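Observations on the three-dimensional arrangement
If you want the building blocks of each chain, they are given just below.
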Amino acid sequence: MNKTLLWAGVSVAIMAAVVAFVLMSGEPPASPVAVEATDATPAPAQPATPAPASRRPVSGPRIERADFEPRNWMTHGRTYDEQRFSPLDRVNEGNVESLALAWYVDLPTRRGLEATPLVVDGRMYTTGAWSVVYALDAATGEELWTYDPEVPRSHGALACCDVVNRGVALWNQNVYVATLDGRLLALDAGTGSLVWETPSTDPALPYTIVGAPRVVKEHVIIGNSGARFGVRGYVSAYDVRTGELAWRFYTVPGDPEQPSESQALERAAATWEGDAWWRDGGAGGTVSDAIAYDPALGLLYIGTGGGSPTSRFARSPGGGDNLYLSSIIALNPDSGEYVWHYQTTPGETRGYGATQHLMLAELPMEGGSRKVLMQAAMNGFFYILDAATGELLSADSFVPVNWATGVDLETGRPVENPGADFATLPQFTMPSPFGAHNWQPMAFHPGNGLVYVPTIEMPWVFGQDRGFRHRPNRWNSGTDAMLAALPDDPADAQKALEPIGGALIAWDPIRRRQTWRVEHAGAWNGGLLSTAGNLIFQGTADGRLNAWSATSGRRLWYAETQTGVTAPPITYAVDDEQYVAVMAGWGGWFALAGGRAALTPGMRNVSRVLVYKAGGTASLPPLPDMPPLPEPPVMQVSAGELVVGKKLYHDHCAVCHGEGAVSAGVLPDLRRLSQNQHAQWEDIVLNGSLAEQGMPGFSSELIDSDAEAIRAYVIKRARDES
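Residues numbered from 1 in each chain as written. Predicted model: local features only at pLDDT ≥ 70, side-chain atom pairs only at ≥ 80, totals over all residues. Heavy atoms only, no water.

**A short note on the overall build of the protein**
Each helix and strand in the protein was counted, giving twelve helices and 38 strands. For the C-alpha atoms alone, the extent of the protein along its principal axes is close to 75 × 55 × 50 Å. Looking at the protein residue by residue over its 722 residues, the buried ones come to 62%. Within the structure as shown, the protein displays about 25,900 Å² of accessible surface, and the carbon and sulfur contribution to it stands at 53%. (Helix = DSSP H or I, 4+ residues; strand = E, 2+ residues; numbered from the N terminus. Buried < 20%, exposed > 50% of the residue type's maximum accessible area, 1.4 Å probe, protein only. Areas by Shrake-Rupley, 256 points an atom, 1.4 Å probe, with all protein chains shown as cover.)

This is the structure:
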């Protein structure tokens with residue numbers, strides 16, 4: 001056995017003993033509905049943990065010592081290194097079968113839930129759709145307060161990946177949340193009242209924010225989204241007390257006629273060609289989610305997204321690496337100054353951003369140990385970088401990849417496969433634009449040195465959109481969406497779906513290989529939690545929360561959730577009880593756009609907080625039956641009109657209502673429209689009569705005959721599936 005890993009295991013055992021010693025020592029706004037149950041079965045013996053006499057403020061030193069109070073989950077990844085490992089082991093391999101539902105809270109929405117709840121001193125703080133914040137009693141689910149920032153529903157039309165929110169940050173006595181429409185708010189943790197509010201994006205531009213803030217050295221750190229709509233990416237730091245902007249780091253160059261904001265951007269500008277990227281609103285590179293911090297090194301790490309438009313052939317036709325797209329960047333957290341970067345996908349053209357989970361760890365290397373940064377990137381390679389310098393230490397494919405044959409460790413660049421270049425002809429490619437790993441967090445287990453990754457395996461056909469033109473406030477990819485559309489015939493579509501799937505893999509970063517693997521029925525599954533009880537928890541698209549052995553991958557427990565789960569679970573303790581919690585609600589980019597690939601038969605979207613403990617006795621109510629598809633109206637159209645309608649649908653509608661006009665259960669399934677809704681089709685699609693509900697009008701891009709062609713295609717799809 002590797003001695004370093006052996007000592008890592010011993011250190012976990014020692015930490016558990018220390019922890020035990022410390023514990024012994026001392027849609028429309030509405031209220032959520034909590035349902036709890038009392039224990040019927042006594043829990044196994046464990047040293048009691050008295051409730052705290054007062055709620056101490058969350059601070060940097062407190063987060064840095066998080067392992068000494070594992071009852072709490074004080075920041076997004078539990079610790080600044082974002083490992084998502086909990087030292088709690090009351091629930092373990094030997095007794096996990098006793099887990100059952102303790103309480104649940106129904107949220108007043110039917111949109112996706114992606115938040116990581118935070119728990120401090122018996123209180124849970126989490127978010128739902130439309131950036132609504134909930135404070136709950138962590139032992140019972142009782143509502144303490146709710147804050148609705150009243151995001152205009154029309155802003156949902158600018159959200160590439162649903163109206164989700166990934167959680168809050170805590171500092172001192174405040175809760176910090178970023179809203180979908182680009183504001184940063186500080187709320188009083190005790191009452192939920194507004195302390196301050198500041199805009200973090202230009203409201204005139206198609207920015208959104210879905211990511212969770214982090215607080216580092218008295219600064220609230222937050223990025224934004226909207227690259228596919230044409231914005232310029234950046235990350236900002238705000239004073240925790242006042243909301244005043246402390247610094248801002250832009251990730252891509254700005255107006256070529258204006259001076260660059262930094263020397264780093266001067267260097268980046270030389271890697272861009274033409275002016276389409278600036279002329280059309282912005283170059284992308286948004287910092288939507290991935291943030292980590294190393295207090296010892298004094299470095300803040302961010303991951304940047306892909307470009308706008310997505311295809312470099314449309315964005316920067318002369319070529320170039322297009323820095324700092326698809327990059328991992330280290331910054332000085334005091335000033336926002338650039339320190340180093342590593343670009344995972346130079347000249348990115350397939351949507352392979354680098355906004356996936358960034359994780360810090362200390363690994364045994366070269367006879368000693370080394371601080372590293374790890375990312376299982378969207379492009380299919382697992383990267384390990386030196387956390388201090390950005391030096392590439394290893395890069396290995398963790399799913400089937402054919403766009404590159406590997407990564408050159410000397411240059412740090414991918415060895416691209418010439419046959420995957422779609423400059424001239426469309427190409428069958430893996431991974432797809434959904435990535436080999438998306439936003440759903442990984443987890444690390446320091447006892448065995450393994451990283452656990454929720455993976456996606458999905459092929460795609462990339463080809464240029466020869467008629468591409470930038471559409472303001474719309475999705476701009478520059479690729480032909482029709483090339484990857486499934487056949488309309490249900491049997492043919494089912495055959496085409498067979499290669500699509502997901503898996504949970506255990507990755508050994510030292511041996512650079514997969515240790516074990518669990519296949520999933522769906523491709524889009526939840527983030528991960530690892531615990532000292534030798535357990536891995538994950539929710540899945542088929543409506544389950546699962547627990548696996550961290551060493552073998554054997555499933556030890558599961559609970560039915562009635563809806564797909566993409567959010568990562570957490571674990572915490574109140575008094576002498578350990579809980580496992582997850583936000584359950586099907587949604588996000590894949591659930592909106594994936595259509596038949598994202599649809600699990602019989603699955604519905606139900607938005608809930610679910611919390612489990614040993615011997616819990618709560619139960620979920622049964623779901624109502626799904627009504628059959630209504631009889632579609634009669635419409636006489638030619639085969640040619642249907643071809644036009646299918647292309648227009650996939651160009652303008654599929655990203656929200658699903659590939660093939662099949663909704664995966666989040667937004668309305670257009671095949672289920674009533675006769676009255678069909679009668680209002682033109683008013684909705686062209687004139688924007690439902691704009692305040694997030695459905696924009698397309699009169700600037702479509703004419704009457706286009707709208708009718710799309711409706712004809714929708715009616716045909718209803719008949720195909722009936």
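Moving on from the model shown.
**Some details on the pattern of salt bridges**
A complete count under the given rule lists 36 salt bridges for this structure. With a shortest N-O distance of 2.9 Å, Arg-232 and Glu-261 are connected by a salt bridge. Here Arg-232 is found in the loop between β13 (219–222) and β14 (234–239), whereas its partner Glu-261 is found in the loop between β15 (245–250) and α3 (263–269), with 29 residues between them in sequence. Judged by relative accessible area, Glu-261 falls into the partly exposed class, the value being 47%. Note that Asp-386 and Arg-370 form a salt bridge whose closest N and O atoms lie 2.7 Å from each other. Taken together, the positions of Asp-386 in strand β22 (residues 381–386) and Arg-370 in strand β21 (residues 368–376) put the pair 16 residues apart, joining distant regions of the chain. In this structure, a network of salt bridges that share partners links the residues Asp-488, Lys-646, Lys-716, Arg-717 and Asp-720. (Salt bridge = Lys/Arg side-chain N within 4 Å of Asp/Glu carboxyl O.)

**Quick look at the pairing of β22**
Counting buried residues in β22 gives six out of six residues, a clear majority hidden from the surface. Residues Phe-381, Tyr-383 and Leu-385 line one face of β22 and the alternating positions Phe-382, Ile-384 and Asp-386 line the opposite face, and both faces are buried. As defined by bridge partners, β22 adjoins strand β23 (residues 392–397) across five bridges and the pair is classed as antiparallel. Across the sheet, the residue bridging to Phe-381 is Ser-397, located in β23. (Pairing = 2+ DSSP bridges.)

**A look at empty space enclosed by the protein**
Taken as a whole, the largest cavity holds about 380 Å³ of empty space. Forming the walls of the largest cavity are 28 residues, and the residues nearest its centre are Cys-160, Cys-161, Arg-228, Ser-288 and Thr-355. For the lining of the largest cavity, the per-class residue count stands at nine nonpolar, 14 polar and five charged. (1 Å grid on protein atoms, 1.4 Å probe; cavity = no way out; pocket = protein on both sides within 12 Å on 5 of 7 lines; lining within 4 Å. Points joined across faces, edges and corners; volume = space filled by probe spheres on them. Nonpolar A, V, L, I, M, F, W, Y, C, P; charged D, E, K, R; others polar.)

**A word on the nonpolar core**
With 105 residues, the main nonpolar core has Met-124, Phe-537 and Tyr-572 as its most contacted residues. Residues Ala-292, Ala-377, Phe-398 and Ile-505 belong to the second largest nonpolar core, which totals 46 residues. (Core = buried A, V, L, I, M, F, W, Y, C linked by side-chain atoms within 4.5 Å.)

**A look at the packing of helix α8 (residues 639–652) against helix α12 (residues 704–721)**
The N-to-C vectors of α8 and α12 enclose an angle of 95°; their axes lie 7 Å apart at closest approach. Viewed along their axes, α8 and α12 adopt a mutual orientation that is roughly perpendicular. Of the residues in α12, those in contact with Glu-641, Leu-642, Val-644, Gly-645, Lys-646, Leu-648, Tyr-649 and His-650 of α8 are Asp-706, Ala-709, Ile-710, Ala-712, Tyr-713, Val-714 and Lys-716. Looking at side-chain class alone, the contact of α8 with α12 contains nine nonpolar, two polar and four charged residues. (Axes fitted to C-alpha atoms, helices over the stretch in contact; angles between N-to-C directions. Parallel < 35°, antiparallel > 145°, perpendicular 65-115°, else oblique. Contact = heavy atoms within 4.5 Å.)

**A short note on the state of the cysteines**
As enumerated under the stated definition, the model contains one disulfide in all. Bridging Cys-160 to Cys-161, the disulfide has an S-S length of 2.3 Å. Of note, the bridge from Cys-160 to Cys-161 carries an S-S torsion of about -80° and is left-handed in sense. Judged by relative accessible area, which is 16%, Cys-161 ranks as buried. Of the cysteine sulfurs around Cys-656, a residue in no disulfide, the closest is that of Cys-653, at 8.9 Å. (Disulfide = S-S within 2.5 Å.)

**Topic: the sheet that holds β13**
Judged by pairing direction, the sheet is antiparallel, and its four strands sit side by side in the order β12-β13-β14-β15 without closing on themselves. Both outer strands of the open sheet, β12 (214–216) and β15, are each paired with one neighbouring strand and no more. Averaged over all neighbouring strand pairs, the angle between strand axes comes to 25°, with direction disregarded. Here β13 runs beside β14; their pairing, made up of four bridges, is antiparallel. From the neighbouring strand, His-219 faces β14, where its bridge partner is Asp-239.

**Let's talk about the packing of aromatic side chains**
One pass over the full model with this rule turns up 24 aromatic pairs. Relative to Phe-422, the ring of Phe-313 has its centre 5.2 Å away and its plane inclined at 85°; by these criteria the two rings are edge-to-face. A residue pair is termed long-range when its members are at least 10 positions apart, and Phe-313 in helix α5 (residues 312–315) and Phe-422 in the loop between β25 (414–416) and β26 (427–429) qualify at 109 residues. The exposure class of Phe-422 is buried, given its relative accessible area of 1%. These aromatic residues form a ring-pair network of at least three members: Tyr-342, Tyr-352, Phe-381, Tyr-383 and Trp-403. A cation sits over an aromatic face here: Arg-228 above Trp-589, 4.5 Å from the ring centre. Note that Arg-544 overlies the ring of Tyr-558, its terminal NZ or CZ placed 4.2 Å from the centroid. (Phe/Tyr/Trp six-rings, centres within 6.5 Å; stacked < 30°, edge-to-face > 60°. Lys NZ or Arg CZ within 6 Å of the ring centre and 35° of its normal.)

**Description of the sheet that holds strand β4 (residues 118–120)**
Read across the open sheet, the four strands follow the order β4-β5-β6-β7; overall the sheet is antiparallel. Each edge of the sheet is formed by a strand with only one pairing partner; in this case those strands are β4 and β7 (143–147). Between one strand axis and the next, the sheet turns by 15° as a mean value, whatever way the strands run. By the bridge criterion, four bridges tie strand β6 (residues 133–137) to β7 in an arrangement that is antiparallel.

**Brief notes about the pairing of strand β36 (residues 570–574)**
A large share of β36 lies buried, amounting to five of its five residues. Of the two faces of β36, both are covered, the one formed by Ile-570, Tyr-572 and Val-574 as well as the one formed by Thr-571 and Ala-573. For β36 and strand β37 (residues 577–584), the ladder comprises five bridges, and the chain directions are antiparallel. Residue pairing for β37: Ile-570 is matched across the bridge by Ala-581. In this antiparallel pair of consecutive strands, β36 and β37, the connection spans two residues, and Asp-575 shows a positive phi of 55°.

**What to know about α8**
Under the 1.5 Å per step criterion, the end-to-end length of α8 is 20 Å for 14 residues, consistent within 8% with the ideal 20 Å. Taken residue by residue, α8 has Leu-642, Gly-645, Lys-646, Leu-648, Tyr-649, His-650 and His-652 as its buried positions. Buried positions along α8 lie against α9 (654–657) and α12. (Expected span 1.5 Å × (residues − 1).)

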